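Listed below, chain by chain, are the residues.
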Amino acid sequence: MRASLLSGSLLLMICAIPAPAGAQEREVPYWASLREDEVYMRVGPSVDFPIEWIYRRSGLPVKVVRLNEGWRLVEDPEGTRGWVAARLLDPERAAMVRGQGTTAMRANPDPAAALRWRVEAGVVGQLGRCESRWCRFTVGQRSGWVAQDRLWGAGAP
């Protein structure tokens, strides 16, 4: 009896610990990225639902469009929607180069700035601040400014 009373008290104390306010009040839509090298997208918000897609790309940007307890309905760069466990998402902003061919990564947020590198469509990197329709973009050890309209994940969600 005493052991179950102690267990019950411990459970009540754990349940009374509030979740971080940001996690509770985050408004959708918002941007996130995949935290793991392998992430399952399901057709519904539970492990009981079938896997629709398997992502094998940590850092891939996704748009979170709906919340359901520990699950998030996300949209990927191709427009596919499905459910991912919230713990597999990272609030770190990322972006993916979209369009055809390469795009310029420049030294400053200006189309006349020095060209640093050319970045292929489909490349994923960390997204920094955006200004004047240009975003700071980092791929590995290389960083520079890329036109915002060439980055999926850089605009308003």
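Above this text is the structure in question.
We now turn to the structure provided with this report. Not measured: the values here are computed from a predicted model. (Residues numbered from 1 in each chain as written. Predicted model: local features only at pLDDT ≥ 70, side-chain atom pairs only at ≥ 80, totals over all residues. Heavy atoms only, no water.)

**Here we look at the overall build of the protein chain**
Okay, step 1: Tallying secondary structure elements over the protein chain gives two helices and 14 strands in all.
Okay, step 2: Residues classed as buried in the protein chain amount to 37% of the 157 residues present.
Okay, step 3: In the protein chain, of all internal contacts separated by at least 6 residues, the share reaching a separation of at least 24 is 53%.
Okay, step 4: Total accessible area computed for the protein chain in this model is approximately 9,700 Å², and 52% of it derives from carbon and sulfur atoms. (Helix = DSSP H or I, 4+ residues; strand = E, 2+ residues; numbered from the N terminus. Buried < 20%, exposed > 50% of the residue type's maximum accessible area, 1.4 Å probe, protein only. Contact = heavy atoms within 4.5 Å. Areas by Shrake-Rupley, 256 points an atom, 1.4 Å probe, with all protein chains shown as cover.)

**Brief notes about the side chain of Arg 42**
Okay, step 1: Structurally, Arg 42 can be placed in strand E2 (residues 39–42).
Okay, step 2: Asp 48 provides the closest opposite charge to the buried, unpaired Arg 42, separated from it by 7.6 Å.
Okay, step 3: There is a polar contact of 2.6 Å between the side chain of Arg 42 and the backbone oxygen of Phe 49.
Okay, step 4: Residue contacts for Arg 42: discarding those within four places in its chain leaves Val 47, Phe 49, Pro 50, Ile 51, Glu 52, Trp 71, Gly 82 and Trp 83. (Lys, Arg positive; Asp, Glu negative; His and termini not counted. Salt bridge = Lys/Arg side-chain N within 4 Å of Asp/Glu carboxyl O. Polar contact = N/O pair within 3.5 Å; in protein donor to acceptor, adjacent residues only side chain to side chain.)

**With respect to the packing of aromatic side chains**
Okay, step 1: Tallied over the entire structure, the rule returns two aromatic pairs.
Okay, step 2: Aromatic pair Trp 31 and Trp 152: ring centres 4.8 Å apart, planes at 85°, arrangement edge-to-face. Of this pair, Trp 31 sits in strand E1 (residues 30–34) while Trp 152 sits in strand E14 (residues 151–152), and the two are 121 residues apart along the sequence. Comparing Trp 31 with Trp 152, the two get one shared label, buried.
Okay, step 3: Measuring from ring centre to ring centre gives 6.4 Å for Trp 53 and Tyr 55, while their planes differ by 55°; the resulting arrangement is tilted.
Okay, step 4: For Tyr 55, a relative accessible area of 7% corresponds to the buried category. (Phe/Tyr/Trp six-rings, centres within 6.5 Å; stacked < 30°, edge-to-face > 60°.)

**With respect to the state of the cysteines**
Okay, step 1: Across all of its chains, the model carries one disulfide by this definition.
Okay, step 2: Covalent S-S linkage joins Cys 130 and Cys 135, the inter-sulfur distance amounting to 2.0 Å. Measuring the twist about the S-S bond at about 105°, one finds the Cys 130-Cys 135 disulfide to be right-handed. (Disulfide = S-S within 2.5 Å.)

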